[in-house]
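Examining the three-dimensional arrangement
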Amino acid sequence: MDVPPISPLIFYRDPKAALAFLERAFGFETRLLVDDGQGGVIHSESAFEGHVVMVSGPPSGKWASPLDLDGKRTGSVHVQVPAGLDALCGRARAAGARIEREPADQPYGDRVFTCLDPEGHSWSFGQTLQVMSADEMAKTTGRVIQEKL
Amino acid sequence: MPSFTPVVFYRDPMAALKWLERAFGFETSLLVTDDKGRVGHAEMSFGDGHIGVGEEWGAAELIGPAKMRSPASLDNVGTQFTRVALEDGIDQHCARAEAAGARITQRPADQFYGARVYRALDPEGHVWCFDQKISDLSLADMEKASGLTMKTSL
């Protein structure tokens, strides 16, 4: 299996339920599942067009689900899709995702929605409507935009 | 082209960008700041991969309000980590990271699944896991080496 250059590993109390949710809500496909034999998942890969998120749990030690942290989390995942953003949001909502921001056009040229999965991990989805230069983005957003540090 | 971008949150995202460039060789590709110089959003690239960097309280713009935290604000607890594939030079990469102040929690070592792996903590406690492929193994090979059962669907 080809491994993408950078991918997140996300912790869930119920990793198998999470994998099922990612399939139902976002159309990802579980392509690798390493069971711990006790209901937990040592390692797994949920794929979408060659990209993967890894899912593991239940967490121990210094790892936690947002469920353990009153919804707080130390990361999120952004997924850029080529088309069909609004339909994807509808599918996610029907599968039980909590939509935090409905699909809306952004001043930087993307249409974006954000949602929470059942354990409170945050996902954002974007579709490029218009490719903008840094100068154009600076104009439309009123921010300072740099392309290097 | 669809892509997955893990986003990580920091108390001091500007310091984090500088550190991630120095320690891991990531490159800042987009930096959005307001008129006070605060980071609204940033993106870094490394080879064909991307990460997002945000401020723990100020990340509302892209992601939504109030629940984003640096591990430094959660007693070093984390809800996700980032895995980065290296083409080669993993031992040198680890040495560079350590010289820049990364805490190496797992030294480079060969794993049963055909990769050499090291793990590092950045200054705010995010975990980074770097791996480099060392051999092509089938799932059957990995099962044999580990005693684990590996499935290719849910």
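The structure this text deals with has already been given above.
Described in the following lines is the structure provided in the data block.

Below, the discussion takes up the overall build of chain B. Helix and strand counts for chain B stand at 4 helices and 9 strands. Each helix (α) and strand (β) of chain B, taken in turn from the N terminus, gives the series β-α-β-β-β-α-β-α-β-β-β-α-β. With the principal axes as the frame, chain B shows a C-alpha extent of 55 × 40 × 35 Å. Within chain B, the fraction of its 154 residues that count as buried is 42%. When contacts within chain B are restricted to residue pairs at least 6 apart in sequence, long-range pairs at least 24 apart make up 47% of them.

Core analysis: the biggest nonpolar cluster contains 69 residues, and Val55 and Phe125 of chain A together with Leu20 and Val53 of chain B have the highest contact counts within it. The residues contacting Val53 of chain B, other than those within four sequence positions of it, are Val8, Tyr10, Pro13, Ala16, Leu17, Ala42 and Met44 of chain B.

Okay, the sheet that holds strand S1 (residues 3-10) of chain B next. Read from one edge of the open sheet, 9 strands run S6(A)-S7(A)-S8(A)-S5(A)-S1(B)-S4(B)-S3(B)-S2(B)-S9(A), paired in mixed fashion. If you trace the sheet from one side to the other, it starts and ends with strand S6 (98-105) and strand S9 (144-146) of chain A, each paired once. Strand-to-strand, the axes of this sheet are offset by a mean angle of 20 degrees, without reference to chain direction. Of the pairings in the sheet, the one linking S9 of chain A to strand S2 (residues 27-33) of chain B comprises 3 bridges and is antiparallel in character. Across the sheet, the residue bridging to Ile145 of chain A is Val32 of chain B, located in S2 of chain B.

Moving on: the interface of chain A and chain B. Taken together, the contact pairs 55 residues of chain A with 54 residues of chain B. Of the residues that constitute the side of chain A that touches chain B, the class distribution is 28 nonpolar, 15 polar and 12 charged. Across 6 bridges, strand S5 (residues 75-80) of chain A lies against S1 of chain B in antiparallel orientation. Within S1 of chain B, the residue paired with Gly75 of chain A across the bridge is Val8 of chain B.

Residue and element names in this part refer to chain A. As for its position among the elements, Leu116 is in strand S7 (residues 110-116). Take Leu116: there are 20 C-beta atoms within 10 Å of it, and that puts it in the buried class. Considering only alpha carbons, one finds Leu116 and Arg98, 18 residues apart in sequence, at a separation of 5.0 Å. Sequence-distant contacts of Leu116, defined by excluding residues within four places in its chain, comprise Ala97, Arg98, Glu100, His121 and Ser122.

Thresholds, definitions, all that
- Residues numbered from 1 in each chain as written.
- Chains lettered and ligands numbered in written order.
- Predicted model: local features only at pLDDT ≥ 70, side-chain atom pairs only at ≥ 80, totals over all residues.
- Helix = DSSP H or I, 4+ residues; strand = E, 2+ residues; numbered from the N terminus.
- Buried ≥ 20, exposed ≤ 12 C-beta atoms within 10 Å, placed from the backbone.
- Contact = placed C-beta atoms within 7 Å.
- Core = buried A, V, L, I, M, F, W, Y, C linked by C-beta atoms within 7 Å.
- Pairing = 2+ DSSP bridges.
- Axes fitted to C-alpha atoms, helices over the stretch in contact; angles between N-to-C directions.
- Nonpolar A, V, L, I, M, F, W, Y, C, P; charged D, E, K, R; others polar.

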